[in-house]
Amino acid sequence: MEPDLGVLTEAEQHAYRLLVRLGGAGADDLAAHDAMSPAEAAAVLEGLRTKGLAGAGPIYHPLPPDVALGDVLLRRQQTLENARQTVAALSEDYRNHTRRRSSEHLVEIVVGAQVLRQRLRAMQDAAQEEILWFCRANPLAMAGPENAEENSALGRGVKYRAIYERELLEKPGELQSILESMAAGEESRTLPTLPVRLAIADRSLAICPLVPDESRGFGEPTAALIRSSELLDALVALFESYWERATPLVGETPRAELQQSEVLLLSLFVSGMPDKSIATHLGVSKRTVQRRLDRLMDLAGVDTRTGLAFQAARRGWLSAPNA
């Protein structure tokens, strides 16, 4: 019978050491030396025998523990090593399959303007820190004036940074909607064109339409929901690189050197908006726009519009207040 490798009890350890000193003992001898009853001593000695540490009675002789237990320990050690290797293999298999399943959830495809609109609203409702937005002309799912969730998010402290395509600023109602968002706290900039439509919440979720504009007439809008990954990190970096190049939009906030009405005009001018469009949005004549730009050039000490744009940036006329 293979020895039992259970932990020796304190009584068994004491009895084994006593057997070693005595060279052998029966139940009565052990009881006399160890302050226990003969029945208790007999049980302890039998326990040592079953564990391979004592020969058979009635006089129990100690057996070498390395002989009694060595082979068994080696077999148990091999069994443990086999178990360890099995656990390692199963763990690797688990990690591989978990990564594969997780990767399938890193990018989710949504189809249809209504579903996309719902996801954009839900993303803003769940945002805690920041929304980054590329706003191209001809929105796929939700025009700026329809985005009621932004004011709610701004109200609870979510930061918004949005870059608008210049063409979008000329759409009816869009500029006024942007100015209202800016008044509520949005930081807005503009560029002539943007590479993609993009919304990013808390740098942990992005929504990016997949179908190019020229293909919009051939099916429902399709977008990817992209969760934390290197792809998402790349999209955040893309936004930041365009943000650095974009022209700030500044509302009618007074500057020390500028009249209140000139601030927005200058912002729209530097963004590249034509005089006629600026006049339409400001509710003045084209001639009034030109006259105000002439005054700004005089103030900046330049005689070209290119020089005005340079001086506006150099003097901080386009910087956000307190920036």
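Residues numbered from 1 in each chain as written. Predicted model: local features only at pLDDT ≥ 70, side-chain atom pairs only at ≥ 80, totals over all residues. Heavy atoms only, no water.

Identification of the chain as Transcriptional regulator from Winogradskya humida is taken from an unreviewed UniProt entry.

Within the fold, D275 resides in helix α11 (residues 275–282). Of the residues examined, D275 reaches a relative accessible area of 10% and is grouped as buried. In this structure D275 touches K286, V289, Q290, L293 and R305, once residues within four positions along its chain are discounted. (Helix = DSSP H or I, 4+ residues; strand = E, 2+ residues; numbered from the N terminus. Buried < 20%, exposed > 50% of the residue type's maximum accessible area, 1.4 Å probe, protein only. Contact = heavy atoms within 4.5 Å.)

Looking now at the sheet that holds strand β6 (residues 205–209). The strand order β1-β7-β6-β5-β2-β3-β4-β8 describes an open sheet built from 8 strands, whose pairing is mixed. Each of the sheet's edge strands pairs with one partner strand only, and the pair in question is β1 (107–111) and β8 (247–248). Bridge analysis of β1 against strand β7 (residues 222–227) gives 5 bridges, and the strand direction is antiparallel. Counted as the bridge partner of I109 is A224 from β7. (Pairing = 2+ DSSP bridges.)

Attention shifts here to a nonpolar patch on the surface. On the surface, a nonpolar cluster with roughly 420 Å² of combined accessible area is contributed by V107, I109, V111, L210 and L231. The element best represented in the nonpolar patch is β1, accounting for 3 residues. (Patch = residues over 30% accessible without salt bridge, like charges linked within 9 Å, V, L, I, M, F, W, Y side chains within 5 Å. Areas by Shrake-Rupley, 256 points an atom, 1.4 Å probe, with all protein chains shown as cover. Salt bridge = Lys/Arg side-chain N within 4 Å of Asp/Glu carboxyl O.)

Here we come to the environment of A127. Looking at the element boundaries, A127 is found in the loop between α5 (113–126) and β2 (130–135). By relative accessible area, A127 is classed as buried at 1%. Along the sequence, A127 and G157 sit 30 residues apart, while their C-alpha atoms lie 9.8 Å from each other. The contacts of A127, once residues within four sequence positions are left out, are R156, V158, A201 and D202.

If the charged atoms of two oppositely charged side chains come close together, the side chains can form a pair. For the structure on display, the rule yields 11 salt bridges. The partner of R203 in a salt bridge is E240, with the nearest N and O atoms 2.6 Å apart. In this pair, R203 is assigned in the loop between β5 (198–201) and β6 and E240 in helix α9 (residues 230–245), connecting sequence segments 37 residues apart. Of the residues examined, R203 reaches a relative accessible area of 40% and is grouped as partly exposed.

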